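Chains, contacts and geometry: an overview
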Amino acid sequence: LETQEVLNFIQNKTILITGAGGSIGSEICRQLVALEPKKVILIDHSEYNLYNIGWELEHTYHYKNFESMLINVSDRNSMELVFINHNPDVVFHAAAYKHVPLLETQILQAVQNNFFGTKTVAELSTKYKCEKFILISTDKAVNPTNIMGATKRMAEMFCQNLNRYSNTSYITVRFGNVLDSAGSVVPIFKKQLQQGGPLTVTHPDITRFFMSIPEASQLVLQAAAMGEGGEIFVLDMGQPIKISSLAERIITLSGQRPYKDIDIIFTGLRPGEKLYEELFYQSENHNPTQRKKIFLAQSKTSNFSFLKEKIETLENTLTSKDEVKVLKIICEIVPEAKIACI
């Protein structure tokens, strides 16, 4: 990594992190404090997660120049007060609901948090003249088959378009699963192993991209530092890994034999779940950058007038709680979405 580039980007600046208590948000916090920011503002709507990262920064890293704020990013008035009082230079937007099957039945909440939460923080970043806004995205935003991926793709589209009309630079960083994150497969396998098995995998052929939390967070900082605005950076996730092979490996590393001492059973794909994930759209050129593990996805920006019109309709429909209409509008915004719950 180009440490000096990242240091120059962060040093003596006020950094705001949404979803600061989550897996990626909290690791970005840990890495930031070594880069001598002027101040770090932690935003999360989970009291427990916010307390944890605050305690860790103060007692493990001996960093005290931060403020913890218990706020939902969809709460525009509360978020605006943060911008007024702290005037952040850089925003890392990691706040999102991410559990795919759960969100298939929580459509309105997913749209409100993942899309309108992003829209709120992104617009405030322009209004209060932030230098950069970094959206943490996901491989599930590529040809989405679930509400989580569709809402994240909408967030990508909005930020890319906003970049054309703002002095703030909007940068998206897209990557796959991170190992050992909250709600991910590795902690579940560990728990099942402790209980004597079996380990559950949804399908024999299901694969996922994986990266460690520290590596993903380092690359997010690097991409944020090098980005000039409007880019979708895609992290090099290596080769996709078969989840059944991962389960076998975890059993073997525990000193036991797969299918003999500990069984692996296949339970069927869950709602919204793909057999494999993609990091790029076919229409996107993926070009190398000067950083080995970061690619640039060159995609066409959509018509912003059309997008804003659909977003306004979506906001009104969200108020009426009509899930069928909400899904219809999402599919108009993201025509490549194949949302199973329609």
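Residues numbered from 1 in each chain as written. Predicted model: local features only at pLDDT ≥ 70, side-chain atom pairs only at ≥ 80, totals over all residues. Heavy atoms only, no water.

If you tally the helices and strands in the chain, you get 12 helices and 15 strands. Relative to a compact globule of 342 residues, whose C-alpha radius of gyration would be 20 Å, the chain shows 20 Å and is just as compact. Each of the three principal axes of the chain carries a C-alpha extent, and together these read 60 × 50 × 40 Å. Looking at the chain as a whole, 56% of its 342 residues qualify as buried. Residue pairs at least 24 apart in sequence account for 78% of intrachain contacts in the chain once pairs closer than 6 positions are excluded. A total of about 15,500 Å² of accessible surface is found on the chain, and carbon and sulfur atoms cover 50% of it. (Helix = DSSP H or I, 4+ residues; strand = E, 2+ residues; numbered from the N terminus. Rg over C-alpha atoms; globule rule 2.2 N^0.38 Å. Buried < 20%, exposed > 50% of the residue type's maximum accessible area, 1.4 Å probe, protein only. Contact = heavy atoms within 4.5 Å. Areas by Shrake-Rupley, 256 points an atom, 1.4 Å probe, with all protein chains shown as cover.)

For a regular strand, the rule is simple: side chains alternate between the two faces of the sheet. Two elements, strand β2 (residues 39-44) and strand β3 (residues 66-70), share 5 bridges in a ladder whose sense is parallel. For Asp-44, the partnering residue across the bridge sits in β3 and is Leu-70. Traced from β2 through helix α3 (residues 47-59) to β3, the parallel crossover comes out right-handed. (Pairing = 2+ DSSP bridges. Right-handed = clockwise from strand over helix to strand, strands pointing away.)

Next up on the list: the packing of helix α6 (residues 107-127) against helix α11 (residues 304-320). Remark: α6 packs on α11, axes separated minimally by 11 Å, with the N-to-C direction vectors making an angle of 140°. Relative to α11, α6 is oriented oblique. Crossing hand, α6 versus α11: left-handed. Contacts between α6 and α11 involve Leu-108, Val-111, Gln-112, Phe-115, Phe-116 and Lys-119 from the former and Ile-311, Leu-314, Glu-315 and Leu-318 from the latter. Residue composition of the contact of α6 with α11, grouped by class: 7 nonpolar, 1 polar and 2 charged. (Axes fitted to C-alpha atoms, helices over the stretch in contact; angles between N-to-C directions. Parallel < 35°, antiparallel > 145°, perpendicular 65-115°, else oblique. Left-handed = near helix turned anticlockwise from the far one by under 90°. Nonpolar A, V, L, I, M, F, W, Y, C, P; charged D, E, K, R; others polar.)

Taken as a whole, the second largest pocket encloses approximately 240 Å³ of empty space. Surrounding the second largest pocket, 16 residues form its lining, Arg-153, Met-157, Lys-300, Ser-302 and Glu-336 being those nearest its centre. Residue contributions to the lining of the second largest pocket peak at 4 residues, all from helix α7 (residues 147-163). Across the lining of the second largest pocket, the residue classes break down as 5 nonpolar, 6 polar and 5 charged. (1 Å grid on protein atoms, 1.4 Å probe; cavity = no way out; pocket = protein on both sides within 12 Å on 5 of 7 lines; lining within 4 Å. Points joined across faces, edges and corners; volume = space filled by probe spheres on them.)

Another aspect to go through is a nonpolar patch on the surface. Taken together, the side chains of Tyr-48, Tyr-51 and Trp-55 present a nonpolar region at the surface, about 410 Å² in accessible area. On the secondary structure map, Tyr-51 appears in helix α3. (Patch = residues over 30% accessible without salt bridge, like charges linked within 9 Å, V, L, I, M, F, W, Y side chains within 5 Å. Salt bridge = Lys/Arg side-chain N within 4 Å of Asp/Glu carboxyl O.)

Attention shifts here to the pairing of strand β14 (residues 285-288). Pairing geometry for β14 and strand β15 (residues 294-298), over 4 bridges, is antiparallel. In the sheet register, Pro-288 faces β15, and the bridge partner there is Phe-295. The turn linking β14 back onto β15 is made up of 5 residues.

Under the counting rule described, the total for this entry stands at 22 salt bridges. One salt bridge in this structure joins Lys-119 and Glu-123, with 3.1 Å as the shortest N-O distance. Of the two residues, Lys-119 and Glu-123 both sit in helix α6, 4 residues apart, roughly one turn of that helix. Taking the relative accessible area as the measure of exposure, Glu-123 reaches 22% and is therefore partly exposed. Residues joined in a network through salt bridges with shared partners are Asp-139, Lys-140, Arg-208, Lys-274, Glu-277 and Glu-278.

What follows is about the sheet that holds strand β1 (residues 14-18). Spatially, β3-β2-β1-β4-β5-β6-β11-β15-β14 is the arrangement adopted by the 9 strands of the open sheet, whose pairing is mixed. Among the strands making up the open sheet, the edge pair consists of β3 and β14. Ignoring strand direction, the axes of neighbouring strands in this sheet form an average angle of 20°. Across 5 bridges, the pairing between β1 and β2 is parallel. Paired with Thr-14 across the bridge in β2 is Lys-39. The strands touched by α3 are β2 and β3; relative to β3, the strand with the most contacts, the crossing angle is about 170°.

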